[in-house]
Amino acid sequence: MPEKDLVTVDVGGRRMRLSSLDKLLYPATETTKGEVLNYYAQIAPVLMPVIEGRPVTRIRWPHGVGDMMFFEKNMPSGAPSWIERVTITGHGSRGGGDVVYPLVSDLAALTYLVNLNSLELHVPQWRVSDDGEPEHPDRLVIDLDPGSPAGLHECAQVALVVRETLAAEGYSSVPVTSGSKGMQLYAALDGSQSSDEVREWTKGIAQRLTKEMPGQVVWKMTKSLRPGKVLLDWSQNVAAKTTIAPYSLRGKERPTVAAPRTWDEVEQGADDRDALQQLDIDDVLERVDEYGDLFGDRLTPPE
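As the structure is a computational prediction, the values presented were derived from the model and not from experiment.

A. Geometry of the sheet that holds strand E6 (residues 70–72). One open sheet accounts for 4 strands, arranged E6-E5-E9-E15; its pairing is antiparallel. Of all strands in the sheet, those bounded by a partner on one side alone are E6 and strand E15 (243–244). Bridge count for strand E5 (residues 57–60) against strand E9 (residues 118–123) is 4 bridges, and the pairing is antiparallel. Counterpart to Thr57 in the pairing with E9 is His122.

B. Examining the pairing of strand E1 (residues 6–11) more closely. Pairing analysis gives 6 bridges linking E1 to strand E2 (residues 14–19), with the strands arranged antiparallel. The residue of E2 that forms the bridge with Val7 is Leu18. Linking E1 back to E2 in an antiparallel pair, the connection comprises 2 residues, with Gly12 at a positive phi of about 60 degrees.

C. Focus on unusual backbone geometry. Cis geometry is found at the peptide bond from Ser148 to Pro149, where omega equals 10 degrees. Within the secondary structure layout, Pro149 lies in the loop between strand E10 (139–146) and helix H3 (152–168). Of note in this structure, Glu30 is not a glycine but carries a positive phi near 55 degrees. Within the secondary structure layout, Glu30 lies in the loop between strand E3 (24–26) and strand E4 (31–32).

D. Spotlight on the environment of Ile205. In this fold, Ile205 is placed in helix H4 (residues 195–212). Since its relative accessible area comes to 2%, Ile205 is described here as buried. For the pair Ile205 and Leu47, spaced 158 residues apart in the sequence, the C-alpha separation amounts to 29 Å. Other than its neighbours up to four places away in sequence, Ile205 contacts Thr165 and Leu166.

E. Fine view of the packing of H3 against helix H5 (residues 263–271). Direction vectors running N to C along H3 and H5 enclose 125 degrees, while the axes themselves pass 7 Å from each other. Classified by the angle between their axes, H3 and H5 sit oblique to one another. Viewed along their axes, H3 and H5 form a crossing whose handedness is left-handed. Taking contact as the criterion, the partners of His153, Ala156, Gln157, Ala159, Leu160 and Arg163 in H3 are, on H5, Trp263, Val266, Glu267, Gly269, Ala270 and Asp271. Classifying every residue of the contact of H3 with H5 by side-chain character gives 6 nonpolar, 3 polar and 3 charged.

F. Representation of helix H1 (residues 33–51). With 19 residues, H1 extends just 21 Å between its outermost C-alpha atoms, more than 12% less than the 27 Å of an ideal straight helix rising 1.5 Å per residue. Of all the bends found along H1, the most pronounced is centred on Ala44 and spans about 75 degrees, while Pro45, a proline, follows it within four residues. Buried within H1 are the following residues: Lys33, Val36, Leu37, Tyr39, Tyr40, Ile43, Ala44, Val46, Leu47, Met48, Val50 and Ile51. One or two positions beyond H1, positive phi appears at Gly53, with a value near 85 degrees.

G. Inspection of the pattern of salt bridges at higher detail. All told, the structure shown has 15 salt bridges when counted by the stated rule. Between Lys181 and Asp145 there is a salt bridge whose closest N-O contact spans 3.7 Å. Taken together, the residues Lys181 in the loop between strand E11 (173–177) and strand E12 (183–188) and Asp145 in strand E10 connect sequence positions 36 residues apart. Using a relative accessible area of 48% as the deciding quantity, one classes Lys181 as partly exposed. The class of Asp145 is buried, set by a relative accessible area of 19%. The salt bridge partner of Glu265 is Arg287, with a shortest N-O separation of 2.8 Å. Here the residue Glu265 occupies a position in helix H5, and Arg287 occupies one in helix H6 (residues 281–291), the gap between them amounting to 22 residues. For the pair shown, Glu265 and Arg287 are each scored as buried.

What counts and how
- Residues numbered from 1 in each chain as written.
- Predicted model: local features only at pLDDT ≥ 70, side-chain atom pairs only at ≥ 80, totals over all residues.
- Heavy atoms only, no water.
- Pairing = 2+ DSSP bridges.
- Helix = DSSP H or I, 4+ residues; strand = E, 2+ residues; numbered from the N terminus.
- Buried < 20%, exposed > 50% of the residue type's maximum accessible area, 1.4 Å probe, protein only.
- Contact = heavy atoms within 4.5 Å.
- Axes fitted to C-alpha atoms, helices over the stretch in contact; angles between N-to-C directions.
- Parallel < 35°, antiparallel > 145°, perpendicular 65-115°, else oblique.
- Left-handed = near helix turned anticlockwise from the far one by under 90°.
- Nonpolar A, V, L, I, M, F, W, Y, C, P; charged D, E, K, R; others polar.
- Expected span 1.5 Å × (residues − 1).
- Bend = angle between axes of the 7 residues up to and from the residue.
- Salt bridge = Lys/Arg side-chain N within 4 Å of Asp/Glu carboxyl O.

Put into structure tokens, the structure is as follows:
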């Protein structure tokens, strides 16, 4: 790579060489790699608590969105030794083998991965212990995935019902619009339940709501059942599964973000089809400046 395409910076005491800052990663909005790196640097104070201690799977777009992309679990080849890592057994292809994941514990590690055009960051609902073993999950997630022509409006309506269902069990939930089509609901756990137990519990919620709201909700992933309905995807609580991290960018046409929302916004979206929209990097940075962390500050374990 020509020397003129490289910029040397200091990130948290680590000297790093960043490349191709003018590259268009989102051609439709002319959003450059430099702007993506700047977003992640600004959002890091609220993003880091979301991903810290969790193995991070990345989705990389080497030539920007609209071109080829690929998932990456293993630590990138040539990654510096100062990036923390953890080896997880059984996470390789077809559920076998070991994967050496990066653990993103500081801005330097985050910047290194984003410099490789890692736009999306996906994490499980559990963290690793000090000895590198997966712990019990400290949060659950229910993914609300609309089948066309359903959209965020229908997701918002269903989200209010899921909120009350979780509240009846003593759990306070936090909504996140996914930056794609739908939204997720998160609730903090006390760490006493295994991933399998959380999976079965959330699966039961999805099955029960499908019976109660058959015209709006579906719990099976069968595509023929989903048009016009909202899939309550309980499966992202499986230990080997990951979910887009709140505050992560998405690799869509616009630089949209998995954005924490208020319940007031969701209620408005349930009433008005046009009231709730996916947010982009500028929206999210403005919201953090105005409201602070709408995710971690509200994700509190049950008493």
